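Fold and geometry: a report
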Amino acid sequence: MSSEEFEKLHEVYKSLYDELKLMPNRASGCHGEEKKRLVRDFDERFGEAEEVLQGMDKELQSAPASFRNQISSKLRLYRRDLGKLQREMKTSDLGLGFAGRTGDGRHSVYGSQNEQSTQIQSQRALLLQGTDSLNNASRSIERSQRIAAETDHVGRDIIEELGEQREQLDRTRDRLVNTGENLSRSRRILRSMSRRLVTNKLLLAVIILMELGILGAVVYLKFFRK
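Residues numbered from 1 in each chain as written. Predicted model: local features only at pLDDT ≥ 70, side-chain atom pairs only at ≥ 80, totals over all residues. Heavy atoms only, no water.

1. Here's the deal with a negative patch on the surface
A cluster of acidic side chains, namely Asp157, Glu160, Glu161, Glu164 and Glu167, defines a negative patch on the protein surface. Note that Asp157 resides in helix 6 (residues 105-224). (Patch = residues over 30% accessible without salt bridge, like charges linked within 9 Å, V, L, I, M, F, W, Y side chains within 5 Å. Areas by Shrake-Rupley, 256 points an atom, 1.4 Å probe, with all protein chains shown as cover. Salt bridge = Lys/Arg side-chain N within 4 Å of Asp/Glu carboxyl O. Lys, Arg positive; Asp, Glu negative; His and termini not counted. Charge placed at Lys NZ, Arg CZ, Asp CG, Glu CD. Helix = DSSP H or I, 4+ residues; strand = E, 2+ residues; numbered from the N terminus.)

Right under this line is the structure:
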């Protein structure tokens, strides 16, 4: 959206509205041809104001959603104000005589058409706003679905990683159990070796004592016994 173009249209509308809001009071104080001229001027300015509002509607199509919703509400108020001015002008138009109403009937018809166009434009703005809301809701749902899919993917990855870590822990536990069993066997072997060593020492001591006894007996028999 071109903000500069929108501001230009807004300024044009304000200028047209300032002219239009003075015309009903002026028309109520006029008669004859002057009043007819005011009615024609009002219809022309009213049509121009409607076209400006339509241009502002088109400029809003590419605006951000938050700004578009806010300005759309303003445009509805502008159209309501225009409709109010149109009704005031039609009320003042009733002040014309029968001949005046007959000669200027096309202006009344034109005013009715403008009022119907205003209602259609208001309904169109509401429809556009509803469409924008639906589009925003659809985009929000798509984002939610995308986030849910990403979360599900991340959850699956985490579950797989936890499964791998569990397998690693199971393998580590098995290795620890095997290590404990090996340590138990090693302790049993060491205890057996220790017992054997003690037994061997005792046997060696007995053998040494026996050898010393035999040696003593030999010495005794050889040197001391005659």
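2. Focus: the packing of aromatic side chains
In total, this model carries three aromatic pairs according to the counting rule given. For the pair Tyr13 and Tyr17, a centre-to-centre distance of 6.0 Å together with 25 degrees between the ring planes defines the contact as stacked. Linking Tyr13 with Tyr17, this pair stays in helix 1 (residues 3-20), spanning four residues, or about one helical turn. Judged by its relative accessible area of 2%, Tyr13 is buried. Every member of this aromatic cluster is reached through a ring pair, and the members are Tyr13, Tyr17 and Tyr78. (Phe/Tyr/Trp six-rings, centres within 6.5 Å; stacked < 30°, edge-to-face > 60°. Buried < 20%, exposed > 50% of the residue type's maximum accessible area, 1.4 Å probe, protein only.)

3. Some thoughts on the pattern of salt bridges
All told, the structure shown has seven salt bridges when counted by the stated rule. When the shortest N-O distance is used, the salt bridge between Asp57 and Arg79 registers 2.7 Å. Of this pair, Asp57 sits in helix 3 (residues 32-60) while Arg79 sits in helix 4 (residues 65-93), and the two are 22 residues apart along the sequence. Owing to a relative accessible area of 5%, Asp57 belongs among the buried residues under this scheme. Arg79 gets classed as buried once you look at its relative accessible area, which sits at 1%. Among the ionic pairs, Arg156 bridges to Asp152, the shortest N-O distance being 2.1 Å. Of this pair, Arg156 and Asp152 both sit in helix 6, four residues apart, which is roughly one turn of that helix. Arg156 gets classed as partly exposed once you look at its relative accessible area, which sits at 42%.

4. Some details on a nonpolar patch on the surface
Residues Leu204, Ile208, Leu209, Leu212, Leu215, Val219, Tyr220, Leu221, Phe223 and Phe224 make up a contiguous nonpolar surface patch of about 1100 Å² in total accessible area. By secondary structure assignment, the location of Leu215 is in helix 6.

5. Section: the UniProt feature "transmembrane region" (unreviewed entry) in the chain
UniProt annotation of "transmembrane region" (unreviewed entry) refers to residues 202-223 when read in the numbering used here. Between the C-alpha atoms that bound residues 202-223 the distance is 31 Å, and the span itself is 100% helix and 0% strand. (UniProt positions renumbered as here; feature names shortened; annotations may be inferred.)

6. Quick look at the nonpolar core
Core analysis: the biggest nonpolar cluster contains 23 residues, and Tyr13, Leu20 and Met56 have the highest contact counts within it. Contributing elements (two or more residues each) for this core: helix 1, helix 2 (23-28), helix 3 and helix 4. It is helix 3 that provides the largest number of residues to this core, a total of nine residues. Contact partners of Met56, with chain neighbours within four places excluded, come to Phe6, Leu9, His10, Tyr13, Leu75 and Tyr78. (Core = buried A, V, L, I, M, F, W, Y, C linked by side-chain atoms within 4.5 Å. Contact = heavy atoms within 4.5 Å.)

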